[in-house]
Structure formats: C-alpha cells, structure tokens
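Tertiary structure, described
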Amino acid sequence: MPTKQTMYYVGFCRVCKTGPLGLRCCGQCGNIVLLCDECDAVWSDADLAAPPQYAQGGDLPCPACEASLIERPSHWATEEQIQNVDWLQEAIHTGALELKQGTAFAPDAEDDESPERPASGG
Amino acid sequence: MVRSGRLSVRWLVGLVVLAAVYLLLQPVLVRSLGIDLPGLRDLTSLVTESSTTKRPAWQKADAPATGELDQILHSNSRQTYESPAGLRYTRGSQHGHRLKHLLAHAADQADRPGQHGVFDSAKPEEIVALVDEAYRQAQAGRDVREEREGERTIYAVDFGRRIGYIGGESGNRRNRPAARHLRLVIEGHNFVTAFPYRP
Ligand SMILES: [Zn+2]
Ligand SMILES: [Zn+2]
C-alpha cells in the first residue's frame with residue numbers, strides 16, 4: 001500500500017465538484033498553487049472564479065517557472081511553506097479560504113517503482 | 001430429418017431452392033404488398049448477433065482489451081490507451097497515467113477529504129467499459145447534464161442503476177450511500193477523470 005501523504009487543502013474543486021484543492025509547492029521555484037487532487041485543475045491564487053490552468057501534454061507546468069508540479073521534487077506544501085505565502089495568508093485571514101488538513105489521493109507518481117496494485121484485504 | 005447432426009442431401013437441396021425463391025420474390029412482395037420483409041443481409045446479421053449473446057453484458061465485440069489494460073496498469077508504461085468508444089487515456093495525473101487514476105476509484109479511501117466515488121466492480125475492463133457506456137450515452141444526449149469549463153467538458157450521466165457508492169470521509173460518515181450517476185471529465189477525446197457520484 002502506498003504511503004499516505006498529508007495534504008493541506010482549501011475547499012473543493014468547482015470543475016469536477018469533488019477533488020480537494022490541495023496546496024502544491026513547486027519543487028523548482030517554491031511557488032505554491034491550488035491543485036485539484038482529482039482533476040488536476042490549477043489556480044495560481046485565491047481567485048477561484050478565474051479560469052483554472054489544465055495539464056498540457058500529460059504534465060502540469062508550474063505557472064511561474066514551468067517545472068512539473070506533478071513530478072518530484074514538487075510536493076504538497078508544508079505548514080511552514082504555507083505561512084510564507086502572502087496571498088494565501090490574506091485569503092485565510094479574511095475567510096475567503098479555509099485551511100484544512102487531510103490525506104492526499106495519490107502517492108507522488110515517482111515514488112512507485114513497483115507496480116501499483118489494489119490493496120488486498122481490509 | 002436430422003441424423004447425427006447432419007441434414008440429408010434431399011433436405012439441403014430443398015432449403016437452397018426455398019431460399020433462392022424467397023430472395024427472388026422478396027423485393028416483389030415488398031413492393032406489391034407494402035410489407036417489410038428481411039433481406040439476406042438482415043438474416044445474416046440475425047445469425048451473427050445470436051452467436052454473440054452468450055457473452056456477459058459488458059463484454060461486447062468491442063470490449064476493452066484486457067492485456068493492453070494490464071500492461072499499462074502494472075508497469076510504468078506511458079503509452080496512450082484508446083478505448084473502444086474512442087476515449088484516449090494518456091499519461092498524466094499524480095497517478096502517472098489516467099488509466100491508473102481511474103482505477104484508483106475501484107477502492108475506497110476512507111480518509112480522503114470529501115466524497116470519493118467508488119465503483120462496485122474492481123475489474124479494469126469493466127470500469128473502462130462503464131466509462132465508455134457513459135461517454136456514448138453523453139454523446140447521444142440521453143440522461144445527461146453537460147457543463148463546459150474552458151476546453152473541458154464535464155458530464156453527469158444517470159445510469160438508472162447502481163454503479164458504485166460514495167466513500168471517502170463524507171461517504172463513510174453517511175454509511176456509504178449507493179451511486180447510480182457517473183461524473184466524467186474530458187478534454188476533447190482525452191479522458192481526465194470519472195467516478196461514481198450522487199447529485
Ligand atoms: Zn477538480
Ligand atoms: Zn515553479
């Protein structure tokens with residue numbers, strides 16, 4: 001069974017209406033975006049009414065530096081990283097976004113060298 | 001008339017003569033009587049259809065190829081898979097491949113925030129066939145609601161029968177309610193995600 005990962009999230013995606021909007025940190029430039037854990041829609045700031053960015057050619061480029069937001073070293077943002085993002089702190093303080101902690105859907109894609117199989121039993 | 005599984009020669013000749021007479025008279029009868037009689041092609045297709053009805057419902061002639069699915073699901077292959085209905089499953093998503101992402105909905109993840117739709121079936125070929133069924137139903141405009149979001153199309157397809165349940169934190173709090181709808185997100189012919197849900 002893949003290791004479970006903690007993910008901070010701020011509500012749910014309006015595109016697929018299901019995925020939690022996780023706070024994803026770009027491994028190259030440190031930029032933090034809102035990434036839907038289900039359909040991979042990306043928002044660069046707290047304006048969730050704006051059109052999201054989608055994957056291109058199977059990958060999801062960081063809006064700031066174009067490095068992959070899916071592949072390592074990109075990761076779910078830590079509490080400390082979140083505290084350093086002004087627009088995020090402002091949105092949380094004004095109540096525009098509510099910060100919660102949960103479990104991510106998928107493991108990091110590059111973690112699974114072994115074939116991925118459904119968990120057997122329990 | 002049937003002896004050890006074979007027709008006698010006399011019966012065989014009789015049948016051929018009858019068929020020839022029918023084929024000659026069929027167009028004349030259709031014209032003069034105004035009734036719809038099956039032609040040779042219709043009769044042939046009847047025989048072909050009846051010979052495939054022993055398969056399970058999902059296993060149509062254009063059922064997903066199990067070997068191809070297994071190859072992608074149990075390796076790090078990034079090859080594109082195209083379903084019988086024409087949906088393209090490419091590499092992408094945090095699962096590495098859209099097909100793996102879809103199959104992650106074959107099991108519950110009780111601690112996932114919100115709702116996590118889970119298919120009743122855990123078989124890749126059955127789940128891909130179910131998504132194909134939804135895609136075809138959506139294209140035909142039957143029991144479907146459609147939304148656009150940029151280049152994406154989001155379908156909400158009502159199957160009229162149970163296809164799965166709602167798991168995740170929210171679903172497990174409510175005793176995993178049954179789901180008969182499928183939400184399908186695509187970009188053109190490219191599959192993004194699909195999962196059972198309750199409206
Ligand atoms: Zn989404
Ligand atoms: Zn970046």
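Residues numbered from 1 in each chain as written. Chains lettered and ligands numbered in written order. Predicted model: local features only at pLDDT ≥ 70, side-chain atom pairs only at ≥ 80, totals over all residues. Heavy atoms only, no water.

**Some words on the packing of aromatic side chains**
Enumeration over the complete set of coordinates arrives at 3 aromatic pairs over all chains. For the ring pair Y89 of chain B and F191 of chain B, a centre distance of 4.4 Å and an interplane angle of 25° mean the geometry is stacked. Taken together, the residues Y89 of chain B in strand β4 (residues 88-89) and F191 of chain B in strand β11 (residues 190-197) connect sequence positions 102 residues apart. Each member of the pair, Y89 of chain B as well as F191 of chain B, is classed as buried. What links up through ring pairs into an aromatic cluster is the set Y81, Y89 and F191 of chain B. Between the NZ or CZ atom of R24 of chain A and the centre of the ring of W76 of chain A, over which it lies, the distance is 4.7 Å. The ring centre of F105 of chain A lies 3.8 Å from the NZ or CZ of R112 of chain B, which sits over that ring. (Phe/Tyr/Trp six-rings, centres within 6.5 Å; stacked < 30°, edge-to-face > 60°. Helix = DSSP H or I, 4+ residues; strand = E, 2+ residues; numbered from the N terminus. Buried < 20%, exposed > 50% of the residue type's maximum accessible area, 1.4 Å probe, protein only. Lys NZ or Arg CZ within 6 Å of the ring centre and 35° of its normal.)

**Side note on the sheet that holds strand β8 (residues 164-167) of chain B**
Residue and element names in this part refer to chain B. The strand order across the open sheet built from 3 strands is β5-β8-β9, with neighbouring strands paired in antiparallel fashion. In this open sheet, the two strands that pair with only one neighbour each are β5 (116-119) and β9 (178-179). Inspection of the sheet shows β5 paired to β8 by 4 bridges, in the antiparallel sense. When the bridges of β8 are listed, G117 appears paired with I166. (Pairing = 2+ DSSP bridges.)

**Describing the nonpolar core**
In terms of nonpolar packing, the biggest core is built from 28 residues, with Y89, L99, L102, V131, L182, L184 and F191 of chain B touching the most fellow members. Elements supplying a minimum of two residues to this core: α3 (66-73), α4 (98-103), α5 (124-140), β7 (152-158), β10 (181-187) and β11 of chain B. No other element matches α5 of chain B, which puts 7 residues into this core. Residues L34, W43 and L88 of chain A together with I154 of chain B belong to the second largest nonpolar core, which totals 27 residues. (Core = buried A, V, L, I, M, F, W, Y, C linked by side-chain atoms within 4.5 Å.)

**Description of the side chain of D158 of chain B**
All names here are of chain B. The topology assignment puts D158 in strand β7. In this structure the side chain of D158 is engaged in a polar contact, spanning 2.8 Å, whose partner is the backbone nitrogen of G160. Discounting chain neighbours no more than four positions away, the residues touching D158 are Q137, D143, R180 and H181. (Polar contact = N/O pair within 3.5 Å; in protein donor to acceptor, adjacent residues only side chain to side chain. Contact = heavy atoms within 4.5 Å.)

**Focus on the interface of chain B and chain A**
Interfaces are often described in size by the accessible area the parts lose on coming together. Between chain B and chain A, the contact holds 33 residues from the first and 40 residues from the second. For the chain B and chain A pair, buried surface summed over both sides reaches about 3,000 Å², with 46% attributable to carbon and sulfur atoms. When the area that chain B buries against chain A is broken down by residue, the three leading residues are Q94, R112 and P113 of chain B, summing to 24%. Taken together, the links from chain B to chain A amount to 7 salt bridges. Here D40 of chain A and R98 of chain B are joined by a salt bridge, their closest N and O atoms 3.4 Å apart. Our enumeration of links across chain B and chain A arrives at 16 residue pairs in polar contact (both at pLDDT 80 or more). When contributions to the side of chain B that touches chain A are tallied by element, the ones reaching two or more residues are α4, β6 (144-149), β7, β10 and β11 of chain B. For the side of chain B that touches chain A, the per-class residue count stands at 7 nonpolar, 14 polar and 12 charged. (Buried area = accessible area lost by both parts, 1.4 Å probe. Salt bridge = Lys/Arg side-chain N within 4 Å of Asp/Glu carboxyl O. Nonpolar A, V, L, I, M, F, W, Y, C, P; charged D, E, K, R; others polar.)

**Let's talk about the confidence of the model for chain A**
The predicted model of chain A has a mean per-residue pLDDT of 86, with 84% of residues at 70 or higher. Note on residues 108-122 of chain A: pLDDT under 50 across the span, and 24 contacts to partners over four residues away in sequence or across chains. (pLDDT = per-residue confidence, 0-100.)

**Overview of the environment of H95 of chain B**
Along the polypeptide, H95 of chain B turns up in the loop between β4 and α4. Side-chain polar atoms of H95 of chain B contact the side chain of H101 of chain B, separated by 3.1 Å.

**Some points on the coordination of the zinc ion (ligand 2)**
All names here are of chain A. Protein coordination of the zinc ion (ligand 2) is provided by C26 (SG), C29 (SG), C62 (SG) and C65 (SG), with donor distances spanning 2.3 to 2.4 Å. In this structure, the zinc ion (ligand 2) is coordinated by 4 donor atoms arranged in tetrahedral fashion, with angles at the metal of 102 to 116°. On the primary sequence, the residues serving as donors to the zinc ion (ligand 2) are separated as C-x2-C-x32-C-x2-C. On the criterion of sequence distance, the pair formed by C26 in the loop between β2 (20-25) and β3 (32-36) and C62 in the loop between β4 (42-43) and β5 (75-76) is long-range, its members being 36 residues apart. Here C26 falls in the buried class, since its relative accessible area comes to 1%. Residue C62 is classed as buried on the basis of its relative accessible area of 2%. (Donors = N, O, S within 2.8 Å, 3.2 Å for Na, K, Ca; no water. Tetrahedral: all angles 85-135°; square planar, octahedral: opposite > 155°, others 65-115°.)

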